[in-house]
Amino acid sequence: MPTLLNQDLQNQIREFLAPMKEKVTLVLFTQESPCETCTETRQLLSEVSALNDKITFIEKDLIEDIKDADLYGINLTPSFVMLDSEGNYRGVKFNGIPAGHEINSFLTAIIDMSGVDFGFDQEIIDRIKKIDKPVNIKVFVTLSCPHCPGAVTTAQRLAMLNKNIEGEMIEAQTFYHLSEQYNVSGVPKIVINEKHELLGNQPIEAFLSQLEKL
Amino acid sequence: MFSFNVEKTSEKSIFEHLSFWDLIVVGGGPAGLNAGLYAKRKGLKVGIISYEIGGQLHNTSTVDNYLGIEYIEGKDLSDKFLNHINSLEIPILKQIKITSLKRIKQDFEITLSDGKILNSKTVLIATGGAPRKLEIPGEMTFANKGVSYCTTCDAPFFKDKHVIVAGGGNSAAEAVIDLVPWARKITVVHRSKWRADQILLDKHKSIDGLTVHLNTQILNVYGHGNMQGVEVLDKTTGKTFKIDADGLFIEIGTVPNSTLVKDLVETNGQGEILVDQNQMTSVPGLYAAGDVTSQPYKQIIISAAEGAKAALAVTQYLNQTYKGE
């Protein structure tokens, strides 16, 4: 099978991942059929993990490994979570292949999860840590959307800084039924706790204002 | 087959260590990136601050009017620009906005959204434009519920649906072409005549079921939950009528992102920054280039050229006029 990432891309990604500090584990859930883009997502995660020895890639089956899937709240394929160096789930989840522009949110999440500082102001970090209610943030994206990775990264950084928060990317075309269910016709569409919506790539302050009102 | 558009990470460390810059460029579109290129080659201490590298290039599916490049996707041209910048190791701070810009004596103090402060002898505003809104009833109600300002982002949601494109310039004409693989039917509504390049309009001739209403104004967007159509006024006959549709792609140009400096520099009635022949604003040492200026032709090659002009003018200003330090 030809590689998804050509030599040029491999070099760019290797350079991107160079600042990684600690180990990161990717746990991908797939199933035999029907699964649109399972094969390609497996291949992408495998190829990216080969570019830095701090990344471990594990594949699980949604049916056979149902206990693990339940642990991370996964019921779609392909979906993957990112674990920190101690194997903790920190609320970072991707549903669908992070290709196109979304490769940037994927790579950024790896760097962030490895312990590289986000550069957030202390005041912002303090506000994030004060969120004491369970929060699920869904960010619907298309792979051709340049504004989407920023929104995914913001949601996932919130998740990494507070165990009450989960930030998940949903690739809108792969999971068309979810796009219809959540009435998505423009991206990025951000859905907080199933009912509150934000439009477009909002700064972290806009996310926080919404979370503080929950 | 999937494609991948990797962007290089920010060079935060350089911004933390260097406290006084020759030129800070605000904006990472064609004007800002080209200014960075020219300034670096002149030996200036230059840094670029950009919320989104590539700017409006990312809202453009294809570019076929940049001299020397017959056809390229917008994001690929952006990558080419960025690779060129990276080859000269010009520091870029990404995903950061500027909260204030102040002039202190001859210099400038720039406060970033993460609280950090930069000081620079000169500043170039190359913040481009944001999609212009129709400002009609229903537009915001149905934003992301049928109404869209990004064809490349949202076209996949309109498979086998009827969509309207508002506008008559090149962006609107290209949006029509971008929607062909998805939409069942496309209708263009524009308040006056086509302004788009003939070469694009010629491509429209082969599109089945394309309907065009010129000299027609959109009055409101209606729907229930989602958008269901628009009401329009045919300005030739004076009659109003409804067009039922699932989507409305608004491609009517841009509004300048000039809020940061609107109280500092002279602007025109549209908020576009006024500059002299060297791209300098009404404030010495503060420059502007690209779509944020009053220059009427919003084109990639023109923005890039203005960025180059600004960087060369900054070099001359620092050598001959600047009296700080």
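As a reminder, the structure under discussion sits directly above these lines.
Because the structure is predicted, anything quoted here is derived from the model rather than measured.

A look at the overall build of chain A
Thought 1: A count of helical and extended segments in chain A gives eight helices and eight strands.
Thought 2: Relative to a compact globule of 214 residues, whose C-alpha radius of gyration would be 17 Å, chain A shows 16 Å and is just as compact.
Thought 3: If you line up chain A on its principal axes, its C-alpha atoms span 50 × 40 × 35 Å.
Thought 4: Looking at chain A as a whole, 48% of its 214 residues qualify as buried.
Thought 5: A separation of at least 24 residues holds for 73% of the contacts in chain A among residues at least 6 apart in sequence.

Quick word on the interface of chain A and chain B
Thought 1: Listed by partner, the interface residues are 32 residues for chain A and 29 residues for chain B.
Thought 2: Contributions of two or more residues to the side of chain A that touches chain B are made by helix H1 (7-17) and helix H4 (103-113) of chain A.
Thought 3: Per element, the largest residue contribution to the side of chain A that touches chain B is four residues, and it comes from H1 of chain A.
Thought 4: Here the residues of the side of chain A that touches chain B sort into 15 nonpolar, 14 polar and three charged.

Some remarks on the pairing of strand E16 (residues 239-244) of chain B
Residue and element names in this part refer to chain B.
Thought 1: Of all six residues in E16, zero are buried, a share of ten percent or less.
Thought 2: The pairing of strand E15 (residues 226-234) with E16 spans six bridges and is classified as antiparallel. By the bridge assignment, Glu231 is partnered in E16 with Lys242.
Thought 3: Connecting E15 to the next strand, E16, in antiparallel fashion are four residues, including Gly238 with a positive phi near 80°.

Things to note about the nonpolar core
Thought 1: In this structure, Ile110, Val139 and Val141 of chain A together with Val163, Val165, Ala166 and Leu248 of chain B are the most contacted members of the largest nonpolar core, which totals 94 residues.
Thought 2: In terms of residue count, the dominant contributor to this core is helix H6 (residues 148-161) of chain A (seven residues).
Thought 3: By size, the runner-up hydrophobic cluster in this structure holds 52 residues, among which are Val46, Phe81, Leu264 and Ala304 of chain B.

Here's the deal with helix H7 (residues 300-320) of chain B
Residues and elements named next belong to chain B.
Thought 1: Taking 1.5 Å of rise per residue, the 21 residues of H7 would be expected to cover 30 Å, and the 30 Å separating its terminal C-alpha atoms lies within 8% of that figure.
Thought 2: Among the residues of H7, those classed as buried are Ile300, Ser303, Ala304, Glu306, Gly307, Lys309, Ala310, Ala311, Ala313 and Val314.
Thought 3: The inward-facing, buried residues of H7 abut strand E1 (20-26), helix H2 (30-41), strand E3 (62-63), strand E8 (117-125) and strand E19 (286-288).

A look at the packing of H4 of chain A against H6 of chain A
Residue and element names in this part refer to chain A.
Thought 1: Two elements in contact, H4 and H6, have axes separated by 9 Å at closest approach and are oriented at 25°. Our classification of the angle between H4 and H6 gives roughly parallel. Of the two possible hands of crossing, H4 and H6 adopt the one that is right-handed. Between H4 and H6, the contacting residues are Asn104, Ser105, Thr108, Ala109, Asp112 and Met113 on the first element and Pro149, Val152, Thr153, Gln156, Arg157 and Met160 on the second.

Re the sheet that holds strand E14 (residues 216-224) of chain B
Residue and element names in this part refer to chain B.
Thought 1: Strand order in the open sheet made by the three strands is E14-E15-E16, with antiparallel pairing throughout. Sheet topology places E14 and E16 at the edges, where each strand pairs with a single neighbour. When strand polarity is set aside, the average angle formed by the axes of neighbouring strands in this sheet is 25°.

Looking at unusual backbone geometry
Thought 1: Cis geometry is found at the peptide bond from Thr77 of chain A to Pro78 of chain A, where omega equals -5°.
Thought 2: Unlike most non-glycine residues, Asn144 of chain B shows phi in positive territory, near 65°.
Thought 3: Position of Asn144 of chain B among the secondary structure elements: in the loop between strand E9 (129-131) and strand E10 (147-148).
Thought 4: Here Asn144 of chain B falls in the buried class, since 24 other C-beta atoms lie within 10 Å of it.
Thought 5: Although it is not a glycine, Asp160 of chain B sits at a positive phi angle of roughly 60°.

Reading the values: rules and limits
Residues numbered from 1 in each chain as written. Chains lettered and ligands numbered in written order. Predicted model: local features only at pLDDT ≥ 70, side-chain atom pairs only at ≥ 80, totals over all residues. Helix = DSSP H or I, 4+ residues; strand = E, 2+ residues; numbered from the N terminus. Rg over C-alpha atoms; globule rule 2.2 N^0.38 Å. Buried ≥ 20, exposed ≤ 12 C-beta atoms within 10 Å, placed from the backbone. Contact = placed C-beta atoms within 7 Å. Nonpolar A, V, L, I, M, F, W, Y, C, P; charged D, E, K, R; others polar. Pairing = 2+ DSSP bridges. Core = buried A, V, L, I, M, F, W, Y, C linked by C-beta atoms within 7 Å. Expected span 1.5 Å × (residues − 1). Axes fitted to C-alpha atoms, helices over the stretch in contact; angles between N-to-C directions. Parallel < 35°, antiparallel > 145°, perpendicular 65-115°, else oblique. Left-handed = near helix turned anticlockwise from the far one by under 90°.

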